[in-house]
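Chain by chain, the residues run as shown.
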Amino acid sequence: MSPVPSTDSDHFAQARALLIDEIKRELAETRVYLGAEPLDPRVLDAIVRVPREHFVPPDMREHAYRNSPLPIGNSQTISQPYIVAVMSHFLRLPPHGGRVYELGAGSGYQAAVLGAMGAEVYSVEIQPELAARAKALLAELGFERVHVRAGDGYLGWPEAAPFDAIIITAAGPEVPQPLVDQLKVGARIVMPLGSSGGDQSLVVLSKQPDGTLEQRELLPVRFVPITRDRVDA
Ligand code: SAH
């Protein structure tokens, strides 16, 4: 499935192309952290096809293609496109796209990018308003294989497990054990590890046959924290 925006102005198409150039440049500049492995070709292809302007509030639309995080309401942010690219790449999705779990749907943008890469995505968002908005938008844009629900994403989505990859888009000091349990052996979790006020590292965790995680640190990052206090939906 390759959803294409129904109304797409040349203006945004051009901005999207410039954004791809910027992401490529930043990837090249950070190669010392990321390693020489070539970027999964599905990543930029997906970013080109997902209309980011729909995932930001109307007054932010003009800035939708800046390579920076943007506010999406409820004190939350849509991640920087470069970080979306890095995280999507390091998930190492199987050739058919696989089944991916996301903690922190936020605007739904990261989930849409993974959907455009061919994955079936299960994403949980703790803020009910954001979850409802992301769900409606993804349906409107035709992302039928991207599922969003409101709740505490720390607990995962057991009915859809096991997953081929897990992406956590909010920071925490530890890896949620329920998510490790819902990950296939050999598969990866990509997440910002660290406290909300302190240092955070984007890490890739690979599940070993004995259930332990092998950890590789990629980059210093800054994400909003994982919270556990909005389970009222
Ligand atoms: N992936 C998002 C950006 C996420 S920002 C995007 O593409 O727009 C981090 C999100 O994680 C916020 O929306 C926040 O509300 C959510 N979050 C924090 N703790 C959570 C939890 N325990 N379960 C689910 N979502 C959570």
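Residues numbered from 1 in each chain as written. Predicted model: local features only at pLDDT ≥ 70, side-chain atom pairs only at ≥ 80, totals over all residues. Heavy atoms only, no water.

So, the packing of helix 1 (residues 10-29) against helix 4 (residues 81-90)
And then number 1: Running from N to C, helix 1 and helix 4 cross one another at 65°; their axes reach a closest spacing of 9 Å. Crossing handedness for the pair helix 1 and helix 4: right-handed. Here Leu-19, Ile-23, Glu-26 and Leu-27 of helix 1 come into contact with helix 4, specifically with Pro-81, Tyr-82, Ala-85 and Val-86.
And then number 2: Along the lines of polarity and charge, the residues of the contact of helix 1 with helix 4 split into seven nonpolar, no polar and one charged. (Axes fitted to C-alpha atoms, helices over the stretch in contact; angles between N-to-C directions. Helix = DSSP H or I, 4+ residues; strand = E, 2+ residues; numbered from the N terminus. Left-handed = near helix turned anticlockwise from the far one by under 90°. Contact = heavy atoms within 4.5 Å. Nonpolar A, V, L, I, M, F, W, Y, C, P; charged D, E, K, R; others polar.)

Focus: the pairing of strand 4 (residues 120-125)
And then number 1: Among the six residues in strand 4, six count as buried, and that is most of the element.
And then number 2: Neither face of strand 4 is left uncovered, since the one carrying Glu-120, Tyr-122 and Val-124 and the one carrying Val-121, Ser-123 and Glu-125 both have all their residues buried.
And then number 3: Of the pairings in the sheet, the one linking strand 3 (residues 99-103) to strand 4 comprises five bridges and is parallel in character. The residue bridging Val-100 from the neighbouring strand is Val-121, located in strand 4.
And then number 4: Regarding topology, helix 5 (residues 109-116) serves as the crossover connection from strand 3 to the parallel strand 4, and that connection is right-handed.
And then number 5: Across five bridges, the pairing between strand 4 and strand 5 (residues 146-150) is parallel. In the sheet register, Val-121 faces strand 5, and the bridge partner there is Val-146.
And then number 6: Once the chain exits strand 4 it traverses helix 6 (residues 128-140) before rejoining the sheet at strand 5, and the crossover so formed is right-handed. (Buried < 20%, exposed > 50% of the residue type's maximum accessible area, 1.4 Å probe, protein only. Pairing = 2+ DSSP bridges. Right-handed = clockwise from strand over helix to strand, strands pointing away.)

Focus: the site of the ligand
And then number 1: In the region of the ligand, 26 residues are neighbours, and Ser-107, Glu-125, Asp-152, Gly-153 and Thr-227 sit closest.
And then number 2: For the ligand, a nitrogen atom lies 3.0 Å from a polar atom in the side chain of Glu-102.
And then number 3: Between the ligand and Gln-110 there is a distance of 3.0 Å, counted from an oxygen atom to a backbone nitrogen or oxygen.
And then number 4: Burial of the ligand by the protein amounts to 99% of the accessible area it has alone, namely 580 Å².
And then number 5: Where the shell around the ligand is concerned, the elements lending two or more residues are strand 2 (76-78), strand 3, helix 5 and strand 4.
And then number 6: Grouping the constituent residues of the shell around the ligand by class yields eleven nonpolar, twelve polar and three charged. (Near = heavy atom within 4 Å. Polar contact = N/O pair within 3.5 Å; in protein donor to acceptor, adjacent residues only side chain to side chain. Areas by Shrake-Rupley, 256 points an atom, 1.4 Å probe, with all protein chains shown as cover.)

Considerations on the sheet that holds strand 3
And then number 1: As summarised here, the arrangement of the seven strands in space is 5-4-3-6-7-8-9, forming an open sheet in which the pairing is mixed. Looking along the sheet, the strands with just one partner apiece sit at the ends: strand 5 and strand 9 (213-221). The sheet shows a mean angle of 15° between the axes of neighbouring strands, direction not considered.
And then number 2: Pairing of strand 6 (residues 163-168) with strand 7 (residues 183-194) involves four bridges; the strand directions are parallel. The partner of Ala-165 across the bridge, within strand 7, is Arg-188.
And then number 3: In this fold helix 4 packs onto strand 6, strand 7, strand 8 (200-207) and strand 9, with an angle of close to 165° to the strand it touches most, strand 9.
And then number 4: Taken strand by strand, helix 6 contacts strand 4 and strand 5, and its axis lies near 160° from that of strand 5.

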